[in-house]
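Examination of the molecular architecture
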Amino acid sequence: MAGAVVQAKALTKRYGARTALADLSFSADQGDVVGLLGPNGAGKTTTIRLLTTVLTPTSGDFSVAGHRSNAAEEIRRRIGVLPESGGYPRHQTGRDYLRYYARLHGIGQRPAGLLADRLLADVGLDERGRSAISSYSRGMKRRLGIARALVNDPAVIFLDEPTIGLDPAGRSQVLGMVRDLARSRGTTVLLSTHTLPEVEETCSKVLVLDQGRLQSFGSVRDVIETAMVEPYAQLRVHRDLLTRAKEAVAGLKDFSVEQSDGQPDVLRITAIASANGRPPMSADLNAALVAVAEAGVPVLSFEVEGARLTDAFLKMTGG
Amino acid sequence: MTLPAEPEGLEDAAPTWLVVARQEMRDLSISGRALVLLFGLSALLSAVTYLAASNQALNFLERREAVNLLVQFAVAVGVLVTLVVSADGISGERERGTLETLLVTPAPRRAIVLGKLVAALSLWFGAYAVSVPYVLLLSGELGILVQTLVLSLVVGTLIAIGLASIGLLISSMSNSNKASLAISVFLLLILFAPTQLPSGLPQGLFFDALLLLDPITAGLGYISGQLIGGQAWTEDLVSLVSPVLIIVLAGGALLLGAPRLVRLVAGRSAG
């Protein structure tokens, strides 16, 4: 367990006959941003609730910020959490709300007020800090929730769908903050989301769950390679030059080429396994592009598919 | 975007239960719930005081009887508002989705329930304060006034602590706030019913024991015995056993069982 800030070992949660999470094992180091992916009901929220001690595991063990699962209160001192469906007290002001949570973390009255002011400024709510939360937009509430998760300067922060309901600017601000937390303060972040480009943009590691089981864990590249999605390219050229482009690619080894269904100016180029058995990679498709260009065919567009996290995710989760 | 610095000011931190209690009382106040409940109580006591005072003026009711009638109402309704607030304590947070954020703080579960209990009791003390001017109006003499205020404070507080504990217990075991409120109020009505029977329950050892076990009937009976029956405070102390017993049992179960009761979802398979 040395070095791992979050570590789960065979973590399992059952509700009667239903298994919400089965044998989950993974670890995250200081400063890691781990993206928790999975379709609805995959076990993402259960994972977060187990690691934040809201639920008790049926079996297995975990440690967070150096504390084993049986030291729940110590774990809660070192974590910040933004739950998926967290409600907010309608009549409290944003400032009172943050001050209350700071006080629950043992911070004195005056410092709690100062901390609340600073956090409100950090999430861009300083001008609305003294308004009732009932007057906040959904995005503002999410930002307030993130500020609340930071009141105790956590070693690990759990964010369940943090960007849901945010406009692009708000989303970018939140993701920027997540990266800052990890980079400059070494905070470990577990981020559950359905927005895969966010994960590719922000996360250093990805954990894919499906029906309570771990499908893959590693870097974005590792996860894509584990999924072994066959990469292919969509090549668009002028319709009159389609045959010449097709011949250029057909002359290459390890490629198959065919006209794309319903698109008379598009070729679908697929890399096939090479002689040494190495699975095809998206970079292999560059050779096809070079061949087309060398044949004197102007390329209108060349899009590589099957090499993104979305493709790997869909393959793993049967989407 | 700047990032939060290390938490400061840990040295002057208040006990967690007090932090929770203060915040709950603040919420009750700013949401207007406390005000509405106490205003309702005030309107009811105004009506009862008017009726009691007119009956007293017409010699249908003696002064002590009039005061006793008012105190019975004040205690019963004061306890009702306390119960309503406590029955919302945990299930209300579940329903509003605010419980999870509370559960991931280091606040011990016992401190959470104790804070909520204290906040609910603040409604009882508010109700008591509201009743004081009415008692002052009806009592007429200092002796009756002091005796009534002391009796209603002591007995009412005992009943309120016990029933607020029961309300929180029910709330912690309910996923629906409506269910929690309905069960709690139904329970209160059952406990209050014997005091409303014109000739009381039938006589006999079983019914006597039943009345003694009912904290409201027993407690209000003790007050009546003092105010109307002229008993000394040491007489009929057995009537205060059930209010105290409820505090010990329900309060004990609540505080001892708090780690298992204060959960995201109520029920055995919840955690």
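Procedures and definitions
- Residues numbered from 1 in each chain as written.
- Chains lettered and ligands numbered in written order.
- Predicted model: local features only at pLDDT ≥ 70, side-chain atom pairs only at ≥ 80, totals over all residues.
- Helix = DSSP H or I, 4+ residues; strand = E, 2+ residues; numbered from the N terminus.
- Buried ≥ 20, exposed ≤ 12 C-beta atoms within 10 Å, placed from the backbone.
- Contact = placed C-beta atoms within 7 Å.
- Pairing = 2+ DSSP bridges.
- Domains from an automatic or database assignment.
- Nonpolar A, V, L, I, M, F, W, Y, C, P; charged D, E, K, R; others polar.
- Arc of directions from axis to C-beta.
- pLDDT = per-residue confidence, 0-100.

Another point: the overall build of chain A. Looking only at helices and strands, one finds 11 helices and 14 strands in chain A. Each principal axis of the C-alpha distribution contributes one length, and for chain A these read about 75 × 45 × 35 Å. Residues counted as buried form 45% of the 319 residues belonging to chain A. Partitioning the contacts of chain A with sequence separation of at least 6, the portion at a separation of at least 24 is 66%.

Looking now at the pairing of strand E7 (residues 156-160) of chain A. Residues and elements named next belong to chain A. Taking burial as the measure, the 5 residues of E7 include 5 buried ones, the bulk of the element. Residue alternation in E7 divides its side chains into two sets, Val156, Phe158 and Asp160 and Ile157 and Leu159, and both sets are buried. Relative to E7, strand E6 (residues 79-82) is paired through 4 bridges, and the arrangement is parallel. Considered in E7, the bridge of leucine 82 is made with leucine 159.

Quick look at the domain arrangement of chain A now. Residues and elements named next belong to chain A. Domain boundaries assigned for chain A yield domain 1 (4-88 + 136-218) and domain 2 (227-317). Relative placement of domain 1 and domain 2: their C-alpha centres are 37 Å apart. Between domain 1 and domain 2, the residue contacts involve 11 residues of the former and 6 residues of the latter. Among the elements of the structure, helix H7 (196-202), strand E9 (205-210) and strand E10 (213-218) are those that each provide at least two residues to the side of domain 1 that touches domain 2. Residue classes in the side of domain 1 that touches domain 2 are distributed as 6 nonpolar, 3 polar and 2 charged.

All names here are of chain A. Those residues of helix H11 (residues 309-317) lying buried are Leu309, Ala312, Phe313 and Met316. Angularly, the buried residues of H11 cover 100 degrees about the axis, an arc narrow enough to put them on a single face. One or two residues past the end of H11 sits glycine 318, with phi positive at roughly 65 degrees.

Our next topic: the interface of chain A and chain B. Contacts between the two partners involve 44 residues from chain A, matched on the other side by 33 residues from chain B. Of all elements in the fold, only helix H2 (72-77), E6, helix H3 (94-104), helix H4 (109-122) and helix H6 (168-185) of chain A reach the threshold of two or more residues within the side of chain A that touches chain B. Per-element accounting of the side of chain A that touches chain B gives the leading share, 7 residues, to H4 of chain A. A class-by-class count of the residues in the side of chain A that touches chain B yields 19 nonpolar, 14 polar and 11 charged.

What follows concerns the confidence of the model for chain B. For chain B, per-residue confidence averages 88 on the pLDDT scale, and residues scoring 70 or more make up 92% of the total. Listed scores for the predicted complex are pTM 0.84 and ipTM 0.86.

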